[in-house]
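These are the residues of each chain, in order.
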Amino acid sequence: MSCVYCFFFFNDTATTEIYTLSLHDALPILINATRYCRRHNYLTNHDEHWLNLLSYFIEKLKIRQEFAREAIYEYVWLKFRPDGKFKIPTGDLLGSEELIRLYFSDFSEFKNAQKLEDAKSLLHITFTANMLDKTKISSEEIETWFKELSHELNKQLKATSNPNEKCHLLELVGSNLMFINQKVGSKENTNEFIKYFEEILEIIDTAPYYNAAQLGDRVNQYINLFIKIDATENFEIINALQLFSEKLHVKIQERDSRFSSGKNQVEWGVNNIYTDDPSHILKALNHFHKTKDLWNNQESIEGYVLALINIAQLYNGIGLNFAAKYYALCGVWVSINNGDKKLLKRIADSSALVFYSDFKQGSWLSAISSFHLYMGARHEFNPKPIVRGYFSTT
């Protein structure tokens, strides 16, 4: 029974993505709408409608495989309805077996760490459903998928040279091995998983876009989980995780210190703006550039974008419009590609400064194009009324 309880711990890892329109325009919109509704328990009465729509798109239309897998991911989460990290899920996966088999039909299609983490989450759900007799998928199939997942994780880990991606993959390999060892009750190499976590500590300083604080939260959740299952039986795993957590906390504190230093730089920069001496604008720019460098990590990524926006505004203020546009475009790029949903509204904020830079420079055709980009981004991601004087040149 302890093994069943173990896998009631779920990580919903799907990130917010921005899709371009395609032949099947409605599916990406449907996926995001479904994701929103399943994450808000007061909307559970809509579940059947979303399940029917997703099922129709997956089974009736010849959609792209990447969209099919994302739709299946949402379908399984919605149908199984895990109700908290340590509670028995309220739904089942009966009748969904072929969709799950389609999802796991080719692990090489999971092209990066985030996609592999989604696959790992869905595999844990399927395992739990099997233990609760809520699916007809066999234990043998699930065991095969765990092996294929481990193979693909290790394959990508060996191939990647990106430290951010490598940290993410090391976390996935380690946590996957940790749960497999606990599931089978193996006493040999119980703590083999920890070497992958330890390797994260060795390279984390070169991986600013790997979220160390999130890993810290997850490790604490793992510790609580193993204590709830059987603190005596899982003593070695718990002890190894606690020792690692202490080491990781030092790295997290270092990033927290950088964040505090960045806040000081912002305050000093703002103080320099409100003076009559033009030279203080250059001092303000220097402070905001330092803020940008200090906040260039995943935990403070929104602050990083706001620093880019502040730099763009200051360059506009002293007439360096091309420089302003460069930093505004950097803000747009980071906000679109980072994947953090908090940054969606910053797409509009950064796009506004792209337009304003073109406008001030007198690049009229470019200004028309960038204004179109700005209005589209504002409508989609930050639909607030535009206040009078928003683009004031004074």
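Residues numbered from 1 in each chain as written. Predicted model: local features only at pLDDT ≥ 70, side-chain atom pairs only at ≥ 80, totals over all residues. Heavy atoms only, no water.

**Side note on the overall build of the chain**
Now for step 1: Of the regular secondary structure elements, the chain holds 16 helices and zero strands.
Now for step 2: Taking all 394 residues of the chain together, 48% fall into the buried category.
Now for step 3: Summed over all atoms, the accessible surface of the chain reaches about 19900 Å², with 54% contributed by carbon and sulfur. (Helix = DSSP H or I, 4+ residues; strand = E, 2+ residues; numbered from the N terminus. Buried < 20%, exposed > 50% of the residue type's maximum accessible area, 1.4 Å probe, protein only. Areas by Shrake-Rupley, 256 points an atom, 1.4 Å probe, with all protein chains shown as cover.)

**Here's the deal with the side chain of Asp 349**
Now for step 1: Within the secondary structure layout, Asp 349 lies in helix 15 (residues 344-361).
Now for step 2: Polar contacts involving the side chain of Asp 349 include one to the side chain of Arg 346, which spans 2.8 Å. (Polar contact = N/O pair within 3.5 Å; in protein donor to acceptor, adjacent residues only side chain to side chain.)

**Here we look at the confidence of the model for the chain**
Now for step 1: In the predicted model, the chain carries a mean pLDDT of 85, and 87% of its residues have values of at least 70.
Now for step 2: Counting contacts from residues 1-10, a segment whose pLDDT is below 50, to residues more than four positions away or on other chains yields 42 contacts.
Now for step 3: This stretch, residues 16-23, has a pLDDT under 50; its non-local contacts, to residues over four places away or in other chains, come to 17 contacts. (pLDDT = per-residue confidence, 0-100. Contact = heavy atoms within 4.5 Å.)

**Quick look at the nonpolar core**
Now for step 1: Core analysis: the biggest nonpolar cluster contains 74 residues, and Phe 104, Phe 193, Phe 226 and Leu 241 have the highest contact counts within it.
Now for step 2: Ignoring any residue separated from it by four or fewer positions in sequence, one finds Phe 193 in contact with Gly 174, Leu 177, Met 178, Ile 237, Ala 240 and Leu 241.
Now for step 3: The next biggest cluster of nonpolar side chains, apart from the first, holds 24 residues, and it includes Trp 295, Ile 301, Val 305 and Tyr 315. (Core = buried A, V, L, I, M, F, W, Y, C linked by side-chain atoms within 4.5 Å.)

**With respect to helix 4 (residues 65-80)**
Now for step 1: The end-to-end C-alpha distance of helix 4, which contains 16 residues, comes to 22 Å, matching closely the 22 Å that a straight helix rising 1.5 Å per residue would cover.
Now for step 2: A large share of helix 4 lies buried, amounting to 13 of its 16 residues.
Now for step 3: Arg 81 occupies a position one or two residues after helix 4 and carries a positive phi of about 50°. (Expected span 1.5 Å × (residues − 1).)

**As for unusual backbone geometry**
Now for step 1: Even without being a glycine, Asp 133 presents a positive backbone phi close to 60°.
Now for step 2: Relative to the helices and strands, Asp 133 is located in the loop between helix 6 (113-131) and helix 7 (139-159).
Now for step 3: Looking at Asp 133, the relative accessible area reads 66%, which means it is exposed.

**Considering the environment of Ile 203**
Now for step 1: When you line up the elements, Ile 203 lands in helix 9 (residues 194-203).
Now for step 2: For the pair Ile 203 and Cys 167, spaced 36 residues apart in the sequence, the C-alpha separation amounts to 7.5 Å.
Now for step 3: Not counting the four nearest positions on each side in its chain, Ile 203 is found in contact with Pro 163, Lys 166, Cys 167 and Leu 170.

**Re helix 15**
Now for step 1: For helix 15, built from 18 residues, the straight-helix expectation of 26 Å at 1.5 Å per residue is met to within 8% by its first-to-last C-alpha distance of 27 Å.
Now for step 2: Among the residues trailing helix 15, Gly 362 stands out with phi positive, at a value near 80°.

**Thoughts on the pattern of salt bridges**
Now for step 1: As enumerated under the stated definition, the model contains 18 salt bridges in all.
Now for step 2: The closest approach of N and O atoms between Lys 115 and Glu 70, which form a salt bridge, is 3.5 Å. Of this pair, Lys 115 sits in helix 6 while Glu 70 is found in helix 4, placing the two residues 45 residues apart along the sequence.
Now for step 3: Overall, the relative accessible area of 10% leaves Glu 70 in the buried class.
Now for step 4: When the shortest N-O distance is used, the salt bridge between Lys 147 and Glu 143 registers 3.8 Å. Note that Lys 147 and Glu 143 are positioned in helix 7 at a spacing of four residues, about one turn of the helix.
Now for step 5: For Glu 143, a relative accessible area of 42% puts it in the partly exposed group. (Salt bridge = Lys/Arg side-chain N within 4 Å of Asp/Glu carboxyl O.)

**Regarding the packing of helix 13 (residues 301-317) against helix 14 (residues 321-337)**
Now for step 1: Where helix 13 meets helix 14, the axes come as close as 7 Å, and the angle between the chain directions of the two elements is 160°. The angle between helix 13 and helix 14 places the two elements in the roughly antiparallel class. Relative to helix 14, helix 13 is oriented so that their crossing is left-handed. Here Ile 301, Tyr 304, Val 305, Leu 308, Ile 311, Ala 312, Tyr 315 and Asn 316 of helix 13 come into contact with helix 14, specifically with Asn 321, Ala 323, Ala 324, Tyr 327, Ala 328, Cys 330, Gly 331, Val 334 and Ser 335.
Now for step 2: Looking at side-chain class alone, the contact of helix 13 with helix 14 contains 13 nonpolar, four polar and no charged residues. (Axes fitted to C-alpha atoms, helices over the stretch in contact; angles between N-to-C directions. Parallel < 35°, antiparallel > 145°, perpendicular 65-115°, else oblique. Left-handed = near helix turned anticlockwise from the far one by under 90°. Nonpolar A, V, L, I, M, F, W, Y, C, P; charged D, E, K, R; others polar.)

**Re the packing of aromatic side chains**
Now for step 1: Considering all chains together, one arrives at 19 aromatic pairs under this definition.
Now for step 2: Both rings, one in Phe 107 and one in Phe 110, keep their centres 5.6 Å apart while their planes meet at 70°; by these two values the pair is edge-to-face. Of the two residues, Phe 107 and Phe 110, neither departs from the other in class, the shared state being buried.
Now for step 3: Of the aromatic side chains, those joined through ring pairs into one cluster are Tyr 103, Phe 104, Phe 107, Phe 110 and Trp 145.
Now for step 4: The ring of Phe 110 carries Arg 69 above its face, with NZ or CZ at 5.5 Å from the centroid. (Phe/Tyr/Trp six-rings, centres within 6.5 Å; stacked < 30°, edge-to-face > 60°. Lys NZ or Arg CZ within 6 Å of the ring centre and 35° of its normal.)

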